[in-house]
Amino acid sequence: MKAKDLKVLDNLLTRTDELPEILHLRAAPAGYQQTTEDKALLLDTYSKLDDILKELAAFINIKFPGCERHVRAWNEIDFDTKIGDMKIITTDREHTKREWRKGLFDLKSLIKVLKNETILLIDEDEVRLTGRDLTEISNNYALEHFTEKKVIPNQELVNETISFFETGPGKGTFTPLAFLNLFDQQYEFVKLNFNDPDLVMRHFESLTLSNREKHTLFGFILKWFGGYPVNNMNDELNITLKLVQTTFLNFPGDTPEKQYCKTDQAMRNKFEKYGIAFTAAINHGLDVNELLAAMEPEEPSEKVFHQFSELFAAATANGLVGPFPDQKHFLIAQTTCNYEFNIWLQTHKDWEYRNEEQYLTLLTIPVFSAYLSYNAAKNNLALPVNSAPLIAVSTSPKPTIKQIALICHYTDRAVTRTNAQMIVNEYQHTSGDALFNQYSRYRSKANRTGAENSNKKNSNKIELFESILPYLTANESVLKKAEADIISLKAAIETANLNL
């Protein structure tokens, strides 16, 4: 269910309330002769009522398929006079009025019941917008606008923002697109008025957002200006951002935004290292690459998973296990592997059974790889010649950079310049920048599903997308997203060929 479904029901209820008053005609005294205007009014009312009933029936069939309770209630709506279940024509004016009012009452009651149930079923990420209109304080761009590098060169920030609301701690507060449009307009306001801090703060105070929502907005404004603590070279901008920072930090509690929107110290360190290296190279005539190589390398942190299923899905995507023909085989392998992995941790990694804190530190790709190596060696020694282990250790070539980028996109694993190197290391590749560039490209739906300029490129593109499907069998919904893109891609190629 979506917030727009509530609007459909509200519209039906409003139209029912606004039906013309025709009881004086339906229950007219005996012998009353209807005028042309009377007949037109009756026809118009019955036509509007018929439309409402048909639209309500369609809503029930689509949104509550197979719900006999609602279908029965709809069928029982009746406006005619009856004795038992038999319709009759009567001169009893009160009987006629009573049945018409009962029909309207039953119709409104059913709409209200559907509305109450829709509110309970509505998607969490849209319920916050129910009954609210943010268009006056937001832009109205499509997602492709924000993922276009020509529009926003810093695609790393875009990806991090999308991930925060798509799969991160911000999920359920704003949809990624709703927040980006809200943020974009407010961010531009700050850039245009940074030299008037009082105006900026008064403007923020007037926004039709809750204090919690403003806290989120302020955090990302700070993040897109470099994070906090604020340290901007422009003095006027610095004053304005520090006022935003004060309001942001005064919000009670250790919120996810207070962690997420801090200055990226690793990135600052990286820029500082490059600055020192280039300055030294220019001043002393040295090779900048030699200087960078001699400086301490950055050690990417190892990803730790929160449960075994996440680790196994990542191992499947990385090609360490599988690929599996379908979800059933994947789940059988995952269950078997979970049990054997836990036993192995106790015997080889000194894991204390039920020590959850210690267990989480062991849910990493290197530890799992060590287990797979042990498992493969054990099976080679112990299994009969024609037997095979339940966990298929992959012997296929490692995924390419393009495949990894697509796998990350479909599995909602955000790739940033900060973590790109760590991810390619997991796949035994070396270029984090190459992965980040490909990932940024495939974030755009137009780039994923658009036709290329030659038959060979189109053929290669289809082959690329189909090649990643075995890595996505761990999650049926993820697999369907990729398959839907392939269908769209093939349709676009077919259309392009017809237009040649």
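Figured I'd write up the structure that's included with this text. (Residues numbered from 1 in each chain as written. Predicted model: local features only at pLDDT ≥ 70, side-chain atom pairs only at ≥ 80, totals over all residues. Heavy atoms only, no water.)

With an omega dihedral of 5°, the bond running from Tyr228 to Pro229 counts as a cis peptide bond. Mapped onto the secondary structure, Pro229 falls in the loop between helix H11 (211-224) and helix H12 (235-250). (Helix = DSSP H or I, 4+ residues; strand = E, 2+ residues; numbered from the N terminus.)

Turning next to helix H16 (residues 308-318). Among the eleven residues that make up H16, eight are buried, leaving the element largely enclosed by the rest of the structure. Gly319 sits one or two residues past H16 and shows a positive phi near 85°. (Buried < 20%, exposed > 50% of the residue type's maximum accessible area, 1.4 Å probe, protein only.)

Moving on, we come to the packing of aromatic side chains. Following the criterion strictly, the structure yields 28 aromatic pairs and no others. For the ring pair Phe308 and Phe341, a centre distance of 5.5 Å and an interplane angle of 35° mean the geometry is tilted. Note that Phe308 is positioned in helix H16 and Phe341 in helix H17 (residues 327-348), a separation of 33 residues in sequence. Their ring planes at 65° and their centres at 5.6 Å tell us that Phe341 and Phe368 sit as a pair that is edge-to-face. Here the residue Phe341 occupies a position in helix H17, and Phe368 occupies one in helix H19 (residues 365-382), the gap between them amounting to 27 residues. Judged on exposure class, the residue Phe341 and its partner Phe368 are both buried. Put simply, the rings of Phe164, Phe165, Phe174, Phe179, Phe183, Tyr187, Phe220, Trp224 and Phe225 pair up and form one aromatic cluster. (Phe/Tyr/Trp six-rings, centres within 6.5 Å; stacked < 30°, edge-to-face > 60°.)

Where helix H9 (residues 176-193) contacts H11, the two axes come as close as 10 Å, and the packing angle between them is 60°. As far as their axial angle goes, H11 and H9 are oblique. The way H9 lies across H11 gives a crossing that is right-handed. Here Phe179, Phe183, Gln186, Tyr187 and Val190 of H9 come into contact with H11, specifically with Thr216, Leu217, Phe220, Ile221 and Trp224. Taken together, the residues of the contact of H9 with H11 sort by class into eight nonpolar, two polar and no charged. (Axes fitted to C-alpha atoms, helices over the stretch in contact; angles between N-to-C directions. Parallel < 35°, antiparallel > 145°, perpendicular 65-115°, else oblique. Left-handed = near helix turned anticlockwise from the far one by under 90°. Contact = heavy atoms within 4.5 Å. Nonpolar A, V, L, I, M, F, W, Y, C, P; charged D, E, K, R; others polar.)

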